[in-house]
Amino acid sequence: KILSLGRGSMKKCKKLSLSTNMIDKMIALPGMTELKILSLGRNNLKKIEKLEDVSGTLEQLWVSYNSIASLDGLSCLTNLTTLYCSNNLIKSFSELEKLKANEKLRDVLFIGNPMYADVTSKEEARIEILRILPNLKKIDGEFVKPSELEAAQAPPSSES
């Protein structure tokens, strides 16, 4: 655990990389008033929390390869543009509803989460994500195509 991170000594820090450190809990980041990128990939995190101190500045959060099952704790991030959350434990596309508050979000990585087992193809997953988050420009490392956006905006087909 990192006990006193940000206690005034890291005020000018713009990118904090703590990947691959066996971190199991996020801690508050007081005083980190300029933090834009927080990298916590390849740790042992189970939930996203305690980001209030960087809520107005954080633009990118990298939490891939953890054990995160919920997207709670992100709605406070008013400037979040990038969320890398691949290879976690997110079971349902409905979990993405929690990201609607993040209006500036444009680039996401979700591949490798159990929710992808619910769809038959990568394309179907992308359309499902766009139905919930239509402002995205990039999903799983690939730019959103106009045809995908169109398919996501179409009313669901009713099969009788």
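Everything quoted here is computed from the prediction, not taken from an experiment. (Residues numbered from 1 in each chain as written. Predicted model: local features only at pLDDT ≥ 70, side-chain atom pairs only at ≥ 80, totals over all residues. Heavy atoms only, no water.)

**Q** Quick question: what am I supposed to make of the overall build of the protein chain here?
**A** A count of helices and strands for the protein chain gives two helices and seven strands. For the protein chain, whose C-alpha radius of gyration is 16 Å, the value lies close to the compact-globule estimate of 15 Å for 160 residues. Dimensions along the principal axes, computed over C-alpha positions, put the protein chain at roughly 60 × 25 × 20 Å. Counted over contacts in the protein chain with a minimum sequence separation of 6, partners at least 24 positions apart contribute 36%. Positive and negative side-chain charges of the protein chain, numbering 23 and 20 respectively, have mean locations separated by a distance of 9 Å. (Helix = DSSP H or I, 4+ residues; strand = E, 2+ residues; numbered from the N terminus. Rg over C-alpha atoms; globule rule 2.2 N^0.38 Å. Contact = heavy atoms within 4.5 Å. Lys, Arg positive; Asp, Glu negative; His and termini not counted. Charge placed at Lys NZ, Arg CZ, Asp CG, Glu CD.)

**Q** Is there a simple way to explain the sheet that holds strand E4 (residues 82–84) in this structure?
**A** The strands that make up a sheet are held in pairs by hydrogen bonds between backbone atoms, and each pair lies either parallel or antiparallel. As summarised here, the arrangement of the seven strands in space is E1-E2-E3-E4-E5-E6-E7, forming an open sheet in which the pairing is mixed. Here the strands that pair on one side only, and so sit at the sheet edges, are strand E1 (15–17) and strand E7 (142–143). Where strand E6 (residues 138–139) meets E7, two bridges bridge the pair, whose relative direction is antiparallel. Across the sheet, residue Ile139 finds its bridge partner in E7, namely Glu142. (Pairing = 2+ DSSP bridges.)

**Q** It is not clear to me how the nonpolar core should be interpreted in this structure. Could you clarify?
**A** Nonpolar side chains tend toward joint burial in soluble globular proteins. If you look at the biggest cluster of nonpolar residues, it comprises 44 residues, and the most contacted ones within it are Leu38, Leu61, Leu71, Leu83, Leu96 and Phe110. The element that contributes the greatest number of residues to this core is helix H1 (residues 122–132), accounting for five residues. Apart from residues no more than four positions distant in its own chain, Leu61 is found in contact with Leu38, Ile48, Leu51, Leu74, Leu80, Thr82, Leu83 and Tyr84. (Core = buried A, V, L, I, M, F, W, Y, C linked by side-chain atoms within 4.5 Å. Buried < 20%, exposed > 50% of the residue type's maximum accessible area, 1.4 Å probe, protein only.)

**Q** Would you mind going over the pattern of salt bridges with me for this structure?
**A** If charged atoms from side chains of opposite charge come close, those side chains can pair. Evaluation of the coordinates by the stated rule reveals eleven salt bridges. The salt bridge involving Glu59 is made with Lys36; its shortest N-O contact spans 3.5 Å. Of this pair, Glu59 sits in the loop between strand E2 (37–39) and strand E3 (60–62) while Lys36 sits in the loop between E1 and E2, and the two are 23 residues apart along the sequence. Taking relative accessible area as the criterion, Lys36 reaches 33% and is therefore assigned partly exposed. Of the charged contacts in the structure, one is a salt bridge between Lys47 and Glu49, with a shortest N-O distance of 3.7 Å. (Salt bridge = Lys/Arg side-chain N within 4 Å of Asp/Glu carboxyl O.)

**Q** Please clarify how the side chain of Asn88 should be interpreted in this entry.
**A** Within the element layout of this structure, Asn88 appears in the loop between E4 and strand E5 (107–109). Polar side-chain contacts of Asn88 include one of 3.0 Å to the backbone nitrogen of Ile68. Those residues within four positions of Asn88 in sequence are excluded, and the remaining contacts are Val63, Ser64, Tyr65, Asn66, Ser67, Ile68, Gly112, Asn113 and Pro114. (Polar contact = N/O pair within 3.5 Å; in protein donor to acceptor, adjacent residues only side chain to side chain.)

**Q** Please clarify how the side chain of Asp107 should be interpreted in this entry.
**A** Here Asp107 shows up in strand E5. Despite its burial, Asp107 remains without a salt bridge, the nearest opposite charge being carried by Lys138 at 4.4 Å.

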